[in-house]
Each structure stands twice: as structure tokens, then as C-alpha cells.
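# Breakdown of the fold
Spelled out from the first residue to the last, the chains are:
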Amino acid sequence: MSKTNPGNFFEDFQLGREIVHATPRTLTTGDVALYTALTGGRFALASSDEFARALGFPAAPVDDLLAFHVVFGKTVPDVSLNAVANLGYADGRFGAPVYPGDTLRTVSTVIGLKENSNRQTGVVYVRSTGTNQRGEMVVEYVRWVMVRKRDKDSPAPAEVVPDLPRAVSADRLVAPPFESWDATLAGSPHLWDDYQPGERIDHVDGMTIEEAEHAMATRLYQNTAKVHFNQHTEKEGRFGRRLIYGGHIISLARALSFNGLGSAVKLAAINGGRHVAPTFAGDTIYAWSEVLERMEIPGRADVGGLRLRTVALKDEPAGGFAFKDERGEHHPAVVLDFDYTVLMPRRAKTHG
Amino acid sequence: MSKTNPGNFFEDFQLGREIVHATPRTLTTGDVALYTALTGGRFALASSDEFARALGFPAAPVDDLLAFHVVFGKTVPDVSLNAVANLGYADGRFGAPVYPGDTLRTVSTVIGLKENSNRQTGVVYVRSTGTNQRGEMVVEYVRWVMVRKRDKDSPAPAEVVPDLPRAVSADRLVAPPFESWDATLAGSPHLWDDYQPGERIDHVDGMTIEEAEHAMATRLYQNTAKVHFNQHTEKEGRFGRRLIYGGHIISLARALSFNGLGSAVKLAAINGGRHVAPTFAGDTIYAWSEVLERMEIPGRADVGGLRLRTVALKDEPAGGFAFKDERGEHHPAVVLDFDYTVLMPRRAKTHG
Amino acid sequence: MSKTNPGNFFEDFQLGREIVHATPRTLTTGDVALYTALTGGRFALASSDEFARALGFPAAPVDDLLAFHVVFGKTVPDVSLNAVANLGYADGRFGAPVYPGDTLRTVSTVIGLKENSNRQTGVVYVRSTGTNQRGEMVVEYVRWVMVRKRDKDSPAPAEVVPDLPRAVSADRLVAPPFESWDATLAGSPHLWDDYQPGERIDHVDGMTIEEAEHAMATRLYQNTAKVHFNQHTEKEGRFGRRLIYGGHIISLARALSFNGLGSAVKLAAINGGRHVAPTFAGDTIYAWSEVLERMEIPGRADVGGLRLRTVALKDEPAGGFAFKDERGEHHPAVVLDFDYTVLMPRRAKTHG
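Residues numbered from 1 in each chain as written. Chains lettered and ligands numbered in written order. Predicted model: local features only at pLDDT ≥ 70, side-chain atom pairs only at ≥ 80, totals over all residues.

### Let's talk about the overall build of chain A
Keep this limit in mind: Segments assigned H or I by DSSP are reported as helices when at least four residues long, segments assigned E as strands when at least two residues long, and all are numbered from the N terminus. Our radius of gyration is a C-alpha quantity, and the globule rule it is checked against amounts to 2.2 Å times the number of residues to the power 0.38. A residue is called partly exposed when the number of other C-beta atoms within 10 Å of its own lies between 12 and 20, exposed at 12 or fewer, and buried at 20 or more, with C-beta atoms placed from the backbone.
When helices and strands are counted, chain A shows 9 helices and 12 strands. The globule rule puts the C-alpha radius of gyration for 352 residues at 20 Å, and the 20 Å found for chain A is close to it. In terms of principal-axis extent, the alpha carbons of chain A reach across some 70 × 45 × 40 Å. Burial statistics for chain A: of 352 residues in total, 58% are counted as buried.

### Some words on the nonpolar core
Put simply, the rule reads: Connectivity within a nonpolar core runs through C-beta atoms within 7 Å, and the core itself is a set of buried Ala, Val, Leu, Ile, Met, Phe, Trp, Tyr and Cys residues. By definition, residue pairs are in contact when their C-beta atoms, positioned from the backbone, come within 7 Å.
Within the largest apolar cluster, 314 residues are counted, with the highest numbers of intra-cluster contacts made by Val-124 of chain A, Val-124 of chain B together with Val-124 of chain C. Non-local contacts of Val-124 of chain B, meaning those with residues more than four positions away in its chain, are made with Phe-10, Phe-13, Val-110, Leu-113, Trp-144, Val-145 and Val-147 of chain B.

### Some remarks on the relation of the copies chain A and chain C
The following threshold applies: The copies were overlaid by least squares, fitting only the C-alpha atoms of residues that reach a pLDDT of 70 or more in each copy.
You can overlay chain A on chain C at an RMSD of 0.0 Å; the transform is a turn of 120° with a shift of 0.0 Å along its axis. Those values place the two copies in the arrangement expected of a three-fold rotation axis. Proximity to the rotation axis, assessed at the C-alpha, singles out Gly-30 of chain A in chain A; its C-alpha lies 2.1 Å from the axis. When the interface residues of chain A are mapped onto chain C, a mere 19% of them again lie at the interface, so each copy presents a different face.

### Focus: the interface of chain A and chain C
Short version of the rule: Residue polarity is assigned by list, with Asp, Glu, Lys and Arg as charged and Ala, Val, Leu, Ile, Met, Phe, Trp, Tyr, Cys and Pro as nonpolar; anything else, Gly included, falls into the polar class.
If you look at the interface, chain A gives 31 residues, while chain C gives 38 residues. Those elements giving two or more residues to the side of chain A that touches chain C turn out to be strand S2 (25–26), helix H1 (29–39), strand S4 (103–115), helix H6 (211–220) and helix H7 (231–234) of chain A. Here the element with the most residues in the side of chain A that touches chain C is H6 of chain A; it accounts for 6 residues. Grouping the amino acids of the side of chain A that touches chain C by side-chain chemistry returns 10 nonpolar, 14 polar and 7 charged.

### What about the packing of helix H4 (residues 64–80) of chain C against helix H8 (residues 246–256) of chain C?
All names here are of chain C. For clarity, the cut-off: Throughout, an axis means a line fitted to C-alpha atoms (over the contacting stretch in the case of helices), and angles, computed between N-to-C directions, take values from 0 to 180 degrees. Our angle categories are set so that under 35 degrees counts as roughly parallel, over 145 as roughly antiparallel, 65 to 115 as roughly perpendicular, and the remainder as oblique.
In contact at an axis separation of 11 Å, H4 and H8 are set at 175° when each is read in the N-to-C sense. By the angle between their directions, the pair H4 and H8 is classed as roughly antiparallel. Residues Leu-65, His-69 and Phe-72 of H4 pack against Gly-247, Ile-250, Ser-251 and Arg-254 of H8. Looking at the contact of H4 with H8 residue by residue, the classes come out as 3 nonpolar, 3 polar and 1 charged.

### Description of the interface of chain B and chain A
Accessible area lost on assembly of the parts is the figure often given for the size of an interface. On the side of chain A, 38 residues touch chain B, which itself brings 31 residues to the contact. Examining the composition of the side of chain B that touches chain A, we find that 6 residues originate from one element, helix H7 (residues 211–220) of chain B, more than from any other. Looking at side-chain class alone, the side of chain B that touches chain A contains 10 nonpolar, 14 polar and 7 charged residues.

### Some details on the packing of H6 of chain A against helix H1 (residues 29–39) of chain C
The following threshold applies: Note on convention: near helix rotated counterclockwise from far helix by under a right angle means a left-handed crossing. Clockwise means right-handed.
Between H6 of chain A and H1 of chain C, the least distance of the axes is 7 Å, while the angle of their chain directions is 115°. Taken together, H6 of chain A and H1 of chain C sit at an angle that is classed as roughly perpendicular. Once H6 of chain A is placed against H1 of chain C, the crossing between them reads as right-handed. Touching Met-216, Arg-219 and Leu-220 of chain A of H6 of chain A are Ala-33, Thr-36, Ala-37 and Leu-38 of chain C, all from H1 of chain C.

### Some remarks on helix H6 (residues 211–220) of chain C
Residues and elements named next belong to chain C. Taken across its 10 residues, H6 has 10 buried, putting it largely inside the fold. When we look at burial in H6, the residues that qualify are Glu-211, Ala-212, Glu-213, His-214, Ala-215, Met-216, Ala-217, Thr-218, Arg-219 and Leu-220. With its phi angle positive at about 55°, Gln-222 sits one or two positions after the end of H6.

### Details of the environment of Asn-8 of chain C
Residues and elements named next belong to chain C. Structurally, the position occupied by Asn-8 is in the segment before strand S1 (18–20). Sequence-wise, Asn-8 and Arg-150 are 142 residues apart; in three dimensions their C-alpha atoms are separated by 8.8 Å. The contact partners of Asn-8, leaving out residues within four places of it in the chain, are Phe-13, Asp-78 and Asn-82.

### Focus: unusual backbone geometry
Of note, the phi angle at Asp-315 of chain B is positive, near 55°, even though the residue is not glycine. Its place among the elements puts Asp-315 of chain B in the loop between strand S11 (303–314) and strand S12 (334–345).

### Re the pairing of S11 of chain B
Residues and elements named next belong to chain B. Our working definition: Here, strands pair whenever DSSP counts at least two bridges between them.
Counting buried residues along S11, 11 of its 12 residues qualify, which places the element largely inside the surrounding structure. Bridging between strand S10 (residues 284–296) and S11 involves 11 bridges; their strand directions are antiparallel. Bridge pairing in S11 links Glu-293 to Arg-307. Connecting the antiparallel pair S10 and S11 is a turn made up of 6 residues, with Gly-299 showing a positive phi of about 80°. Across 11 bridges, S11 lies against S12 in antiparallel orientation. Looking across to S12, one finds that Ala-312 is bridged to Leu-336.

### Overview of H4 of chain C
Residues and elements named next belong to chain C. Under the convention used in this document: Here a helix's expected span is defined as the number of its residues, less one, multiplied by 1.5 Å. The angle separating two fitted axes, one through the seven residues that finish at a residue and one through the seven that start at it, defines the bend at that residue.
The end-to-end C-alpha separation of H4 is 22 Å, in line with the 24 Å expected for 17 residues at 1.5 Å each. Along H4, the largest kink reaches about 35° and is centred on Lys-74; proline Pro-77 follows within four residues of it. Of all 17 residues in H4, 17 are buried, a share of seventy percent or more.

### Focus on the pairing of strand S6 (residues 137–148) of chain B
Residues and elements named next belong to chain B. A large share of S6 lies buried, amounting to 9 of its 12 residues. Of the strand pairs in this sheet, strand S3 (residues 83–94) and S6 are connected by 8 bridges, and their pairing is antiparallel. Bridge pairing links Ala-85 to Met-146 in S6. Across 11 bridges, strand S5 (residues 121–131) lies against S6 in antiparallel orientation. Each bridged residue has a counterpart across the sheet, and for Ser-128 the counterpart in S6 is Tyr-141. Here S5 folds back onto S6, and the loop between the two strands holds 5 residues, one of which, Gly-135, carries a positive phi near 80°.

### Observations concerning the confidence of the model for chain A
Put simply, the test is: Each residue carries a pLDDT score, the predictor's confidence in it, ranging from 0 to 100.
For chain A, per-residue confidence averages 96 on the pLDDT scale, and residues scoring 70 or more make up 99% of the total. Both scores are available for the predicted complex, with the pTM at 0.97 and the ipTM at 0.96.

### Focus: the environment of Glu-136 of chain A
Residues and elements named next belong to chain A. Checked against the element boundaries, Glu-136 lands in the loop between strand S5 (121–131) and strand S6 (137–148). Judged by C-beta crowding, with 13 C-beta atoms within 10 Å, Glu-136 ranks as partly exposed. In this structure, the C-alpha to C-alpha distance between Glu-136 and Asn-5, residues 131 residues apart in sequence, is 29 Å. Once residues within four sequence positions are removed from consideration, Glu-136 is found in contact with Gly-95, Ala-96 and Thr-131.

### Considering the environment of Thr-4 of chain B
Topologically, Thr-4 of chain B is positioned in the segment before strand S1 (18–20). Since 17 C-beta atoms lie within 10 Å of it, Thr-4 of chain B is described here as partly exposed. A sequence separation of 168 residues divides Thr-4 of chain B from Arg-172 of chain B, and the C-alpha atoms of the two residues are 40 Å apart. Setting aside anything within four residues of it in sequence, one finds Thr-4 of chain B in contact with Ile-201, Asp-202, His-203, Val-204, Asn-259 and Gly-260 of chain A.

Pasting the structure below:
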């Protein structure tokens, strides 16, 4: 019997099957430092214990996307080792903040299946839940991937496509306290009240990616997808080189968004996301955001949700807000179309 | 109103203006590990809690230059986003040692202004002070930069050029205790008493820099200067590629200086510094030092100050001590001319 | 007197001489995060405090090879600065687990000497012992290197070649407790009982190495061997470029071996090792392993030793198990031939 992991094929996913993923992971300040070095993040909450305590946190939580990538990474050997494509994300929520010393693990449940008409592949929908050592949800999300069948002739399962929300509703957002906000230290005078739906923000800066950087990030998350690491096989592959993990682009876009969204110190939801085009070492990533919606969080006057679309571009400054043409086709520079909800402090009513 | 930071122009700096910089930063053992991995530092004090405790410290402090870079990085978005050139440093002092867990912030005060005769730029002098969560000074320094004017026709401010010391005097050096020195573990038998003014030391080794390395270091310090990160714009720029943050060269030169200055476990002052020429990925950095002065610290028989000039060269071994020609022009290989003061243990009188 | 370290020459090694190496080093979670980012390790014990506690450890120990590299790195300035070649390792044992916060130091003793017939070099055998702050052995090993003589005409020492075991015997393995094993979280259903001597495992995956990655790893270990860092001199050298530290290849092969040996969460011994061919940035490393021996550990029913040969290949998938030809010559793709012993949980007798 072979002792290596062949990964799951489409036939191995049955509706309702629960997969406990391997390699629990204790996050540390070492991971935080690497995340800063690899992305350039400057949001004050994840950067300073003192700032975090002033807000009401016991210490600086790790960046939400660092936690997401670690939770996601664990699913790769079981869910996407034989994947042809990562098709999308939806209904992602951030729960308990993650602190250095917390140990994360991930469990996924198959919630949808749909064989493709070519009979060689099928789409698998899983809901993955990352929990800490106390069993509290830290991040959960749905993702769907196209997976190879082991055998073209194996019978197709009953088709089940889950009904997914377009966005996580305000009442489902987990919002920690926002006491004692210091806009100067946060690096932006603009609060929740200052952003208007439809407003677009050019995040100005560009960040060039090196092979060592994306490979280190992806290994840090213990994400084992071969396409990110093996130049020997990829040089004969479709692109001739290693693909960058799409999550690294999300992280870079988020880090760039500090310039214009400095008060958006925490993520609350991932409503949807699409890696529109592949990225490679040498690409320079720019980003712009559009405010999609300003969300009141029930019972909370201190903090609100801001639903954003952040678009990442490669080798194209974001000031032109490149996105889609009249036929709905993405501009060739677009690499990421990310719909998510951030938390921002609100102006006290007496100033409103 | 644009929500992105346009940076300050020359007109925005008024004499006496105080700027509280954004993004407080908690330093951790993660930062320390990255600093070691990126520079190769081997000084025992920052490397070992046990060595530090034997000297009288509660734990290993972080490398002084790591603290400096973090304090410096915060000033970039406010001070040098529109800078044409970083002209110099002076009167830098290291105060309270920084330990993992400490949170640093930076405040700068404008102490000098001088419009240039072309009326398009001016020189701004700021004193920047980094403090920990108890408000103790950890590092302070003066730097002057040439900054663009927003409008050539705006009136020139009154010219004020601060009077800066050539070197920080011995009575202003902050020297922690140096009990129980172990020369073997420190890696050098040479103490303060053994160095003579005029003595030159070839640090022998060379270190080649990769793009990923300097970019990671500079992001770790949350330094946002665009020239270090954006190959897409820099390829059309003056040099055709990304410039390395000058502070990374200071750190490499300091790390190389272990070979010959292993007992110089702590920095006390930055007297002056000039980035003589730009450096780029692929350059190999060498360094040599000259002892400028042996400084007695008032009331201290255990430790002394050694004022050094460390010169970094690119692609030129340091054994030739390349520096300046007869007309005072720097040798083309010189990239850094750094004047600073280190602390070194002194021989006990009975052995002297 | 020159203040830089010239290293030791063959004449400087006398039988029985003890060398206390410089720069004690406190290992931290920062080192652990970097090690993960640079190697991609996924073994559960070093990854999760919770998993470690369930086994009976107080917290997740650092990866055994990280500790080994740090202990080894300290010996370079004293043992191998003037080395022509690193010839081999033997009799390596891992003792007390290393935890973040532990401070390691290394002492070496000269246990063998043999001048070569050309009189220009000699072989030095040293036993190096790494200890923690409580003086407990964390790793010890014998290594022999070919070192230059300072003077061809200096007299040859009496020849002493130590008698070294082919493998560390089972009674000398240090095995911590293995309570409460969770095979799902460990990522492999295969336990000690399931591996058979002679069995070969293709670890499938490949990992491409960048200059920045191996240089960061090697600096992290404070290993100062010039060949890894200085492209300016190496471009004129034998290979025209920087050599990768052989230990980095051991670490990559070990990380790759997770796929097939996921339950091998701890190293117990290094029986022998040979860096068969040099590696360079751009190489893609693959690995396969052969089970050499299944070792019962006296008095232990919970855990056993598995002696393995892991072979690393460059730019050659491991499924062909490339090794040696009929004349005993290594296949040109082989870069590492590593003989070591891992610890694995055993099946409870009632299931056996």
C-alpha cells in the first residue's frame, strides 16, 4: 500500500462528508513578523499590542488574512490536490480573533456536488471551519473547486448546489469592541461615516513580488499545492513557471489598501472572491477599492461594516480603476476581484 | 476629498511643528529572527537571553538597528514621501534597550528649514524620537531631507539651520551595565582597551543582497518608500530598478563588522551617516572600520565608547580600505560612510 | 595584531582540544516560523502546542533539524573556516527537546586527526555537543572535515581515527513519551508497525530553491561559511555561484518526507550523511526514502525507531528511486544520502 497521499478525487466527496484536516498549527509572533515582512501590512490593530488594548482587545490579534491562509492551507491536501481550478469563495465570516499562541485546526464538510458534462471533472462545494484550541470558530467560508474524477465512468452523484448568500448580512458579522480610537496612530482621519457607497479609492502604491516571497508565504501557511513550488515541473507546464498562491495577492491588495482605508483595521466577512488571472514572480500588484455598501451592525454605535470590492491589477497603476469592459469582460490587468466586509469605527454621535 | 495620503510638501513643514507618526509597532522575537535571517548578525547580546542576563539585562534586547529602522520607518509617510534625497543623519542616541513585547512609536519635530535657490525644493530638518510604551526614549536622531515644494511660487520660510554636534559626547551616551563579560561566548578576545584611534579593521566577509531580502527587511520596518518596492515604475526610473533602503546597508555593514568588533555588542550613538551611492539587488557588500576615538564614559570603569567610521563598499573587498581620493571624492565602490559609537567592555583595572 | 578571525588550520587542532564556540543563541517562535516558511515542514509535533501537549510534551519543541543547524552553525568559524570539504557525519543523537526560549551553545572536542599524504591538508574529527541553558545535551554528533595546513612543512600529528558506529543503537536513542496519538491530525494513518525494512517511499513533491531562501536559512543559523553568501567571489570560483548549505537540503528532504512519513514526528539519530553533489539556487529538490531497520526501543511499547535512508535528488522526480549504479557510483541527480533514525508511535498491542 502506498504511504503517500494521493488526494481525493471527485468520487471521494460524498454529500455531508466531514473531513478533519491534518497538521494543527500554533500561530506565533514569528508568523506575524513574517506576514508583515511578506505583505507590508500597516493596519494598527495587528501591529501594536498597545493599540489593541486601547480598543478593548487583550493583545494584538494576528492579521485576519494570516489566520484565513493557515485555515485554508490545511484543506489543500484533502480538497484541492487534484483540483483543476479554484472557482470561488462565499459566505466567509471571521469569528473569534486569533492571538499568538492560539492553535488552529480546520474541518470541512461537503455541501454540494455537481459533475461536469464532460464527465471528467466535477465541482465540489465545501464549507471549511477553522477553530482555535477552545473550539471557537475563527474563520469559516465556503469554497468550490473543480476536481478530477478518478474514473470517467463512475456514476454521477445527485446534483446539489448550495444556496449561498451574495454577502454576509450585517446581523451575522462578529464585531469586537472599538473603544478609544486614535485616528492619528491608526494613520487615517477617515471613519466609517466618511465613506459613501459608490466611492472609489486608488490605493496608489505598487508592490513587486519575488519567487522567494510568495513561496515563503505559501509554505508558512503549510499550503502544499504543487504549482507554487516546483519550477522543474512548472517549466513544462501551462505557464512555464510557478503560479503565485491567489491568497498572497489578496494579502498584498489588503496591505496596499491601507493607503485610503487605514481605519479598516479588521475583516468581518469574505462575501465572494475570484482570482481572475494568474500572477507570477516579477508582477507588480496595484489595487483600488469601491465602497459597495455601508452596513449598520445591530446594536452597535461604535463600529460599522463597510462592504468593499477590492480589485488587484498587475503592472497597471490603479488610478484608472481598470475593471470590466462593456461586455462584462475583465480588463486584462485585473487579477483579483474580491468582495469583503471590513469593520471601521464610527464617529461618536455628538460629532456626527 | 481623496482618502489617500499625499505626503507632506516643503510648505507643510513649519518650524516647531510636531508630527505624531502612525502605526505603533510591537516588536517581537519574530522580528528578531527575521533580522538575523536578513542580516546575519552574530553579536552575543542580541542573540542570547542568557548572555544578556549575565551582563545585567533582563533579557536579550533587540538589535539597536532593528529598533532604529522601525522608528525611522514610521516617519517615511509624513517626512519623506515627497523627498528627493535623504541628505544626512546626526545626533542620534540610543536610550532604553528595546525588548520583545515593547511597542514603539515615533514623534518628529521640525527643527530646521532652508529653501533651495531653485525654489522647487527645500531642506527639512527633523528630530525624530522613538519611545516605548512607558514613554522612554529608545532612539532619537536628527535627519535632513530635500523635499519638493507643492508650488514653486509659495513664499520661502525664514531659514533656520540647526547647530548639530559632530559627534554625541561621552556624557550623553546611555550605557547599560556590563557585568560578567564572557569573551569566548562573545566571539572576540579584544576589548575596549585594545582598540587604538586610527586603527583600521578589514571585516573580510562579503554579503550579496537579493531583491526578496531587502524588500522583506524594508516591509518589516513598515517603511513605505516606493523606490524600494515597485519594479514596474522603477524600471522606467533613474536606475532602471529598485533601490535598496540605505538602512539595510547599515545593518549589513554592522553585521559584517562582527569579524573584528565582536565585543561591540551595543550601539550608543549615530554621529553622522551618508549613503554615498545607491545599492541594488545583486551587489555584494563588504565593510571596513576605522577607530575614530576611544571615549571614556563618566563614572564607568566597566564599559567605554568606541567611535567608529564604518565604510561599506560594493563589489570591492574591504582589504584595500577604499575611501576617498586626494580631492576628497569617494572611491566609486563606497556606498556608505557611517560614523557611530559602540559600547565595549573594558578590561578590569587589575589586568590593565 | 589583526582583530579578525583567521579560523583554525590543521596544525591548530590537537587531539583532545576542546573548543567553546561563540554566540550563544536563544531560539524563539520567530525561528520556528522562519523554518516553516523556508522548508515547508508539516510534522504535527513541531507545528502545534496542543498536539505536543497531548503527546506529553510541555509545548511544541522546535524542529530537531533547526536545533541541529543552530548548534552546527556555531562550529563553522572555529572548525571549518579553512575547510576544503565537509566529509561526513556520524553518531549523531538528539537529546532534550528544544523549546522556544531555550538558549543553545556548542562545545567541540577534537577526537581524531589524520594528515593527508599531500601534506597540504588533513582530516579533523570533532565531536560537537549542543547544550541548553541547563547544560542538557540537545544534539551531539561527530563530523570530519578536510582542513588546510598553515604550513606544508609543519610536522604531522600522530594519526588517530575514531571508531564510529555505523548507526546509533536503539538503547542510545532518547525517546520522549508518545501518549494519545491522533493519526488524523498527524496527517498519516501509518505507524511504526506498518513500515517494513526494504520498503521504499517516493515523497512525490518537488521544491525549488531561491538564493534568498537558502541565504536566509543559513544566516538564521549564524553559519558564516563564505561560499553560501558571497556571489562576488563565487562568480570567479569553482562553480561560478553560491553553494547552498548542505543542511538546507537535509531540511528540505525531511520536509518533503512528510508525504509518506507523516507519523515520523521526531528525529532521534543521525547515523551518517553525505552531501554527494552541490546544489544551487534554481535547483528543484525531490526525495525518496528507504526503511533500513525497524528498531525496538528497550522498555518502550508506545514508540519505536525507524532507521531510514533519505536520498535527495535535484531536477529528477523521486519515483525512479535514483541512487547508485552497479559500480557504486551515485546517480548524477543524487545530492544527499542521509542515514538517520526517526521516532514513530507504535500500534497498541490490542490492535497489533
